[in-house]
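Chain and residue survey
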Amino acid sequence: MTLDFTVVADVACGVGESPVYDETTRQLYFVDIPGCLVYAVDLPTRQRRSWRFESAVGSLGLAASGRLVVALRDRVILFDPQTGERQDLCTVEADRPETRLNDGRVGPDGAFWVGTMDDRPQRQPIAALYRVDPSGRVERKVEGLTVSNGLAWTADGATMFHTDSRGPWIDRWRFDPDTGAMSDRTRIATLDEATGRPDGGSCDAEGFYWSAGVSAGRLNRFSADGQLMESFPVPVPSPTMPCFGGADYRTLYLTSLRGAHPPEVLDRVPRSGSLLAAAAPVAGFPAWRFRDA
């Protein structure tokens, strides 16, 4: 089986990340982390909008009010794409200039889960994973991470996946969708450069975990116990995060990065940094929403 990807938005992101589909507006949101940008693509028309922020934009999620919950470098805000209004929600590791917020996602508990990463060239395990509730209360949930990444939940909300891109590993947790409680941490896979260091992730409706193999130009599909079921080549060297969207959630969207690839690589793959899409072999399901309303 192969995935036939086409370009949805040729935006040349330094690090494209955090795609999420809003079924109420049929828009696909994603970020360019170093570009300090949030993008929205209207999928029926392919028209694009963007908003610039004052710092790196690590990730985002949908909110029940119609706003977005957005992770900036050291704080989480609520952003209204209709009015442009921005409301501070909380700070996270604002006293630690060596870290920044990275991958984040709204969980089945209605909270925003977001991790930090060591932003220095020689990365160390000083980062953590946090839960941010709608009141702005911040809880540290996992410590000792280097690059927190890959957050995703199964459709029933009972299983959470989480990765460390520099581990490089994938962990599975038992998850309580009512309270956000985590238990039974299990290391289900330890990966290498050739298979693909785990970047962003997403779950399909069958409970399998899709991981962007950022070092290998591949999209990997794992079973819940960590068995690599399928590994799909993608037309960019560094895919960063998949998500499901579109009609019946049968389209697989994929962000990518240009990063530090040398010119000769970018000459061969000029669409690096684009938002891509392919017909999915399985369906996904709607994203959860931050309970701000």
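For the structure, see preceding data.
Heads up: these notes are all about the structure in this document. (Residues numbered from 1 in each chain as written. Predicted model: local features only at pLDDT ≥ 70, side-chain atom pairs only at ≥ 80, totals over all residues. Heavy atoms only, no water.)

**Topic: the layout of surface pockets**
The computed volume of the largest pocket comes to approximately 430 Å³. Arg-123, Arg-166, Asp-199, Val-214 and Leu-257 are the residues nearest the centre of the largest pocket, which is lined by 25 residues in total. Residue composition of the lining of the largest pocket, grouped by class: 8 nonpolar, 7 polar and 10 charged. (1 Å grid on protein atoms, 1.4 Å probe; cavity = no way out; pocket = protein on both sides within 12 Å on 5 of 7 lines; lining within 4 Å. Points joined across faces, edges and corners; volume = space filled by probe spheres on them. Nonpolar A, V, L, I, M, F, W, Y, C, P; charged D, E, K, R; others polar.)

**A word on the environment of Ser-211**
Within the secondary structure, Ser-211 sits in strand E19 (residues 209-213). The class for Ser-211 is buried, based on a relative accessible area of 1%. Ignoring sequence-local partners within four residues, the contact set of Ser-211 consists of Pro-198, Asp-199, Gly-200, Gly-201, Arg-218, Leu-219, Asn-220 and Phe-222. (Helix = DSSP H or I, 4+ residues; strand = E, 2+ residues; numbered from the N terminus. Buried < 20%, exposed > 50% of the residue type's maximum accessible area, 1.4 Å probe, protein only. Contact = heavy atoms within 4.5 Å.)

**Overview of empty space enclosed by the protein**
Evaluated as defined, the whole model comprises 1 cavity of 30 Å³ or more. Considered as a void within the structure, the largest cavity measures approximately 260 Å³ in volume. Taken together, 21 residues make up the lining of the largest cavity; nearest its centre are Val-20, Arg-105, Ser-202, Ala-287 and Trp-288. Within the residue set of the lining of the largest cavity, elements represented by two or more residues are strand E2 (16-22), strand E6 (59-62), strand E10 (99-106), strand E14 (148-153), strand E18 (198-203) and strand E22 (239-245).

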